[in-house]
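Residues per chain, in single letters:
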Amino acid sequence: MFTGSIVALVTPMDDKGAVDRASLKKLIDYHVASGTSAIVSVGTTGESATLSHDEHGDVVMQTVELADGRIPIIAGTGANATAEAISLTQRFEKSGVVGCLTVTPYYNKPTQEGLYQHFKAIAESTALPQILYNVPSRTGCDLLPVTVARLAKIKNIVAIKEATGNLNRVSQIQVLVDDEAFCLLSGDDASGLDFMQLGGKGVISVTANVAAREMAQLCALAQQGNFAEARRLNQRLMPLHQDLFVEANPIPVKWACKALGLMATDTLRLPMTPLTDAARPVVEQALKHAGLL
């Protein structure tokens, strides 16, 4: 179910920080036209940490409405409190989303048993398919392959977004997880192609926000086994994969979306601040190297 180029969509905001519905529709239309496989709405790239609970739910529902069945929508439902993650997940039970992406709890640094109990409780609270999300560089918490294997035995935990950039994780998880249908997705654009060559099924991508067609092509080539052509395309995108993180995500990618005319402003919620003058030429050059400017 979860394969190909899945965009970790930014949440467009107006000058006052309110959600910009017109730009949200423009972004969705762009991804439909570009062949993006699915949209993650209000994941961490969508600034879930600075949206209120009600805003979070509203943005996901607007995304479902504006997509109008043209592209699958995955709801970001992560929280560092299990009860809050359950509440968010249950909110989307009958919403039309095809699944949920749930990041490991941040800051509290639970044990592996705590992580198992956290994701188990969320999965048992819903019928929606669940995608685990491991990004220890942002959360301070690493979901280890042995715990992923335990969680994969739960019927509706069907995939993981693995964003460590550690390619050894692919084979480690493959060896431990019995279910061949369990889907491994890269959460690191720079190593995403290598991840797919090792058996991953796709990428939940930041780069796809601004290079949607190219990321869709990259994933299609990988799925066809045409890694020579995929690697040529990936080399063109590599500066983007790297320089969209020249400052904390989603600062650079929001600036890039505005620069490409995909949304009206690059407004972020504090404590995130706009891309600095020093970093702008770096992102601009990466866009030019990719052939987007």
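Since the structure is predicted, the reported quantities are computational estimates derived from the model, not experimental observations.

1. With respect to the environment of Asp 20
Inspection of the secondary structure puts Asp 20 in the loop between strand S1 (4–8) and helix H1 (21–34). Asp 20 gets classed as buried once you look at its relative accessible area, which sits at 14%. Here the alpha-carbon distance between Asp 20 and Thr 267, two residues 247 residues apart in the chain, equals 10 Å. Contacts of Asp 20, omitting those with residues within four sequence positions, involve Pro 12, Met 13, Asp 14 and Ala 264. One polar contact links the side chain of Asp 20 to the main-chain amide nitrogen of Ala 22, over a distance of 3.2 Å. A polar contact is formed between the side chain of Asp 20 and the side chain of Ser 23, at a distance of 2.6 Å.

2. Structural notes on the sheet that holds strand S7 (residues 183–186)
Judged by pairing direction, the barrel is parallel, and its eight strands sit side by side in the order S1-S2-S3-S4-S5-S6-S7-S8 before closing back on the first. Each strand axis lies, on average, 25° off the axis of its neighbour in the sheet, ignoring direction. Packed on one face of the sheet, helix H4 (residues 112–124) meets strand S4 (99–103), strand S5 (130–134) and strand S6 (157–162) and runs near 160° to S4. Strands in contact with helix H9 (residues 212–224) are S1 and strand S8 (202–205); relative to S1, the strand with the most contacts, it is inclined by about 150°.

3. Thoughts on the side chain of Ser 95
Among the structural elements, Ser 95 can be located in the loop between helix H3 (82–91) and S4. Here Phe 92 takes part through its backbone oxygen, which lies 2.8 Å from a polar atom of the side chain of Ser 95. At 3.3 Å, the side chain of Ser 95 forms a polar contact with the backbone nitrogen of Val 97.

4. Concerning the UniProt feature "site: L-lysine inhibitor binding" (unreviewed entry) in the chain
The residues that UniProt annotates with the feature "site: L-lysine inhibitor binding" (unreviewed entry) are Ala 49, Asn 80, Glu 84 and Tyr 106. Spatial clustering of the annotated residues is evident: they stretch over 58 residues in sequence, but the largest pairwise C-alpha distance comes to 12.9 Å. As for its position among the elements, Ala 49 is in the loop between strand S2 (38–41) and helix H2 (53–67). Its relative accessible area of 69% is what places Ala 49 among the exposed residues.

5. Section: the pattern of salt bridges
For the structure on display, the rule yields 14 salt bridges. When the shortest N-O distance is used, the salt bridge between Arg 70 and Asp 29 registers 2.8 Å. Residue Arg 70 is found in the loop between H2 and strand S3 (73–76), and its partner Asp 29 is found in helix H1; the two are separated by 41 residues along the sequence. The exposure class assigned to Asp 29 is partly exposed, which follows from its relative accessible area of 25%. Bridged by salt links that share partners, the residues Lys 25, Asp 29 and Arg 70 form one connected network.

6. Looking at the packing of aromatic side chains
Summed over all chains, the structure comprises zero aromatic pairs. Between the NZ or CZ atom of Arg 150 and the centre of the ring of Tyr 116, over which it lies, the distance is 3.7 Å. Directly above the aromatic system of Tyr 133 lies the positively charged group of Lys 161, at a separation of 4.0 Å from the ring centroid.

7. A short note on the pairing of S3
Alternating positions in S3 separate into two faces, Ile 73 and Ala 75 on one and Ile 74 and Gly 76 on the other, with burial throughout. By the bridge criterion, three bridges tie S2 to S3 in an arrangement that is parallel. Opposite Ile 39, over in S3, you have Ile 73 as the bridge partner. Between the parallel pair S2 and S3, the chain is carried across by H2, and the sense of this crossover is right-handed. As paired strands, S3 and S4 are joined by three bridges and run parallel to one another.

8. So, the nonpolar core
The nonpolar side chains of a soluble globular protein tend to be buried with one another. Val 97, Val 210, Leu 240 and Leu 244 are the most contacted members of the largest nonpolar core, which totals 56 residues. Mapped by element, the contributors of at least two residues to this core are H1, H2, S3, helix H8 (192–197), H9, helix H10 (227–243), helix H11 (251–259) and helix H12 (280–289). When residues no more than four places from it in sequence are discounted, the contact partners of Leu 244 are Val 206, Thr 207, Val 210, Pro 239, Pro 252, Val 253, Ala 256 and Val 283.

9. Focus: helix H7 (residues 168–176)
Listed in full, the buried residues belonging to H7 are Arg 169, Val 170 and Ile 173. Take H7 and look down its axis: the buried residues cluster within an arc of 105°, on one side only. Considering only its buried residues, H7 is in contact with S5, helix H6 (145–152), S6, S7 and H8.

Parameters at a glance
Residues numbered from 1 in each chain as written. Predicted model: local features only at pLDDT ≥ 70, side-chain atom pairs only at ≥ 80, totals over all residues. Heavy atoms only, no water. Helix = DSSP H or I, 4+ residues; strand = E, 2+ residues; numbered from the N terminus. Buried < 20%, exposed > 50% of the residue type's maximum accessible area, 1.4 Å probe, protein only. Contact = heavy atoms within 4.5 Å. Polar contact = N/O pair within 3.5 Å; in protein donor to acceptor, adjacent residues only side chain to side chain. Pairing = 2+ DSSP bridges. Axes fitted to C-alpha atoms, helices over the stretch in contact; angles between N-to-C directions. UniProt positions renumbered as here; feature names shortened; annotations may be inferred. Salt bridge = Lys/Arg side-chain N within 4 Å of Asp/Glu carboxyl O. Phe/Tyr/Trp six-rings, centres within 6.5 Å; stacked < 30°, edge-to-face > 60°. Lys NZ or Arg CZ within 6 Å of the ring centre and 35° of its normal. Right-handed = clockwise from strand over helix to strand, strands pointing away. Core = buried A, V, L, I, M, F, W, Y, C linked by side-chain atoms within 4.5 Å. Arc of directions from axis to C-beta.

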